[in-house]
Amino acid sequence: MDIAREVLNIVVVGHVDHGKSTVIGRLLYDTKSLPEGAIDRVKRIAKEKGKPFEYAYLLDAFEEEQKQGITIDTTQLQFRTDKRDYVIIDAPGHKEFLKNMISGAASAEAALLIIDANEGIQEQSKRHGYILSLLGIQKAYVLVNKMDLIQYSEEKFNAIKQEMNEFLTSLHVYPLKYIPVSAFHGENITASSDKMPWYKGEPVLKAIDLFEKDKGLEGKPLRFPIQDVYKFDSRRIIAGRIEAGTLRTGDEILISPSNKVTKVKSIEYWVEKDKVDQISAGMSVGITVEDEFFNQRGEFISHTYDAPITSDTFKVSLFWMGKNDLVKNKEYKLKLATQEVECEIYAINKVIDATTLENLENANQAKTNDVAEVTIKTKREICFDEFRNNQNTGRFVIVDGYDVCGGGIVTGLAQERQSASKFVKQDDEIVAKCFDEYYYVFTEGGIKKIEGVPHSFNIGDVIPSTGVTYEYPADFNVVDIRTSLTAIIRKSKLQDIISLKHLTYDQSPFIDSQGAFIKIHSQEDFNNFAADLEKLQQSEVSRTAAFANQWFDFMKFRQIRYLTATKSLEIEYQI
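Residues numbered from 1 in each chain as written. Predicted model: local features only at pLDDT ≥ 70, side-chain atom pairs only at ≥ 80, totals over all residues. Heavy atoms only, no water.

The chain has the name sulfate adenylyltransferase in an unreviewed UniProt entry, where Pelosinus fermentans B4 is given as its organism.

Quick look at the structure:
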């Protein structure tokens, strides 16, 4: 691979019988990533054995080549498009994959989830969806494979899409696309299929090029865990390794969790030629600051405007490797970056056998090779990030006695149950009711709103732009008419939250926080709407209904579906 080319790590999950190997074989074949002569050799062997050639055989042949070190010296599968290189993260089993992801040995940035169109959604499909949730992988496409076996039916594809979308939403996994394919026949893999003219999206190879790669570590918020403080002559030098972001002389910084603010006075150097005014991720450095605070190992330095999370109670996904079981209320030591702190397992929320992905009922402990969702309580507040936002400061190990017995990733704060979804940027929040579903319920003779699974969407998070009864475009804006705060959604991600008066009109559609389309089609419409909204907010008489009738079209992005009886979307999936 060319060093300068962008590389995206991608994981393909799905039951083996649903065509996972065929999809990978097709990707390798269509991108000409197979060793020379491999295809002919596989075809010849298949013919000699009296079997029809299948693309899944190519995967076996490719892996065999790699094992023998003939062409590539890694166990990862690689292919390339015109845009960039791809590495397919694969493992012999779920256990190895989960262990590698959680321990940092592998890192998937995007995922393809394969479902057999003929068999529909099976328990294994749900378990693989659960893996994506467990690891916080946000960029995912669902490939509905074997469309040839259901005569390329749009109706059946939509039924699978709706069922899977409903399930994944309950896990806070929001696929960016559903793509109907027949990997065996190459339909919608490299080029758009003429068998499915009703599908207007991109084929797989073009679609995966649309995955946005995360910013490099230099572009992420500054994270500088303090390793130690050294006294040199009159200077107190704070030393450590910058895990993410960039720092310059004169920057205002926050030291957490002690919450002290100061400025960078100097970036230290041994010899004149090493003198710099800027340091960035991956560099081991020493700095001095303007104020003589007491600083200690384990504290995080960040910019004041992008602080890490500080808490003593948080949720994690943990892979347990200890000889003794992981149990509640026992003291362990947690190491995260340069922090070391005593902790206890406050709650074991769920335990999964990593080999079979089966849920272990009523588990009060996790055994060797189990994956557990637990709540950890530390003896003092520590700093961290959610793993999905920063892998270096969102990953930790657990020490039992003198042995490292488990590794984990931080999935979020332990919070009280939310009642509604919301867009969040520091102190700004918009309650997002636009992801609620609407049904006509026959037994009740009327339309009923079923609230979506509550979730907080922070800057950079993928949002559920497609539900069962709504479908928003990839780019749109959500206006809270009560506060004028506007959530900017681009490529199905929350990009920013700003006041409407600071927004520049760029032709992206607007909805209100309930999901109604706002009839803005031009710069003039935008100006008039902003002026009317300001009048509404200043009026002492409620004119909300008149305002809504003038500006809102509730059904633009929605449809009302029928239900025999009321159901709940508040599903807590148990495997």
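Don't stop here, the text continues.
Now for the domain arrangement of the chain. As far as domains go, the chain holds domain 1 (7-210), domain 2 (223-303), domain 3 (310-413) and domain 4 (422-553). Placing the centre of domain 3 and that of domain 4 at their C-alpha centroids yields a distance of 38 Å. (Domains from an automatic or database assignment.)

Attention now goes to the pairing of strand S28 (residues 476-479). Residues Phe 476 and Val 478 point to one face of S28 and Asn 477 and Val 479 to the other, with burial holding for every one of them. As paired elements, S28 and strand S29 (residues 485-490) share four bridges and run antiparallel to each other. Pairing of Val 478 across the sheet is with Ala 487, part of S29. Once S28 ends, the chain turns through five residues before running back antiparallel as S29, passing Ser 484 with a positive phi of about 70 degrees. (Buried < 20%, exposed > 50% of the residue type's maximum accessible area, 1.4 Å probe, protein only. Helix = DSSP H or I, 4+ residues; strand = E, 2+ residues; numbered from the N terminus. Pairing = 2+ DSSP bridges.)

Quick look at the pattern of salt bridges now. Summed over all chains, the structure comprises 33 salt bridges. We note a salt bridge from Lys 433 to Asp 436, for which the minimum N-O separation is 3.8 Å. Classification of Lys 433 as buried rests on a relative accessible area of 14%. Judged by relative accessible area, which is 4%, Asp 436 ranks as buried. Each of the salt bridges in this network shares a partner with another, and the network as a whole consists of Lys 433, Asp 436, Lys 449 and Glu 451. (Salt bridge = Lys/Arg side-chain N within 4 Å of Asp/Glu carboxyl O.)

Turning to the nonpolar core, a few remarks are in order. Within the largest apolar cluster, 40 residues are counted, with the highest numbers of intra-cluster contacts made by Leu 98, Leu 135, Ile 137, Met 147, Met 164 and Leu 168. Of all elements in the fold, only strand S1 (7-13), helix H4 (94-103), strand S4 (110-116), helix H5 (123-135), strand S5 (139-145) and helix H6 (154-170) reach the threshold of two or more residues within this core. Counting only domains with at least three residues in this core, you end up with domain 1 (7-210) and domain 3 (310-413). In contact with Leu 168, not counting residues within four places along its chain, are Leu 113, Gly 129, Val 142, Val 173, Pro 175 and Tyr 178. Judged by nonpolar contacts, the second largest core, of 28 residues, contains Leu 8, Leu 28, Leu 143 and Ile 189. (Core = buried A, V, L, I, M, F, W, Y, C linked by side-chain atoms within 4.5 Å. Contact = heavy atoms within 4.5 Å.)

A separate point is the packing of aromatic side chains. We describe a pair of aromatic rings using the distance from one ring centre to the other and the angle between the two ring planes. As enumerated under the stated definition, the model contains 25 aromatic pairs in all. Judged by centre distance (5.7 Å) and plane angle (65 degrees), the ring pair of Tyr 440 and Tyr 562 falls under edge-to-face. Pair noted here: Tyr 440 is in strand S25 (residues 437-441) and Tyr 562 is in strand S34 (residues 561-563), with a separation of 122 residues, a long-range link. When its relative accessible area of 28% is taken as the criterion, Tyr 440 is described as partly exposed. Grouped by ring-pair contacts, the aromatic residues Tyr 174, Phe 423, Phe 435, Phe 457, Tyr 470, Tyr 472, Phe 476, Phe 517 and Phe 557 constitute a single cluster. (Phe/Tyr/Trp six-rings, centres within 6.5 Å; stacked < 30°, edge-to-face > 60°.)

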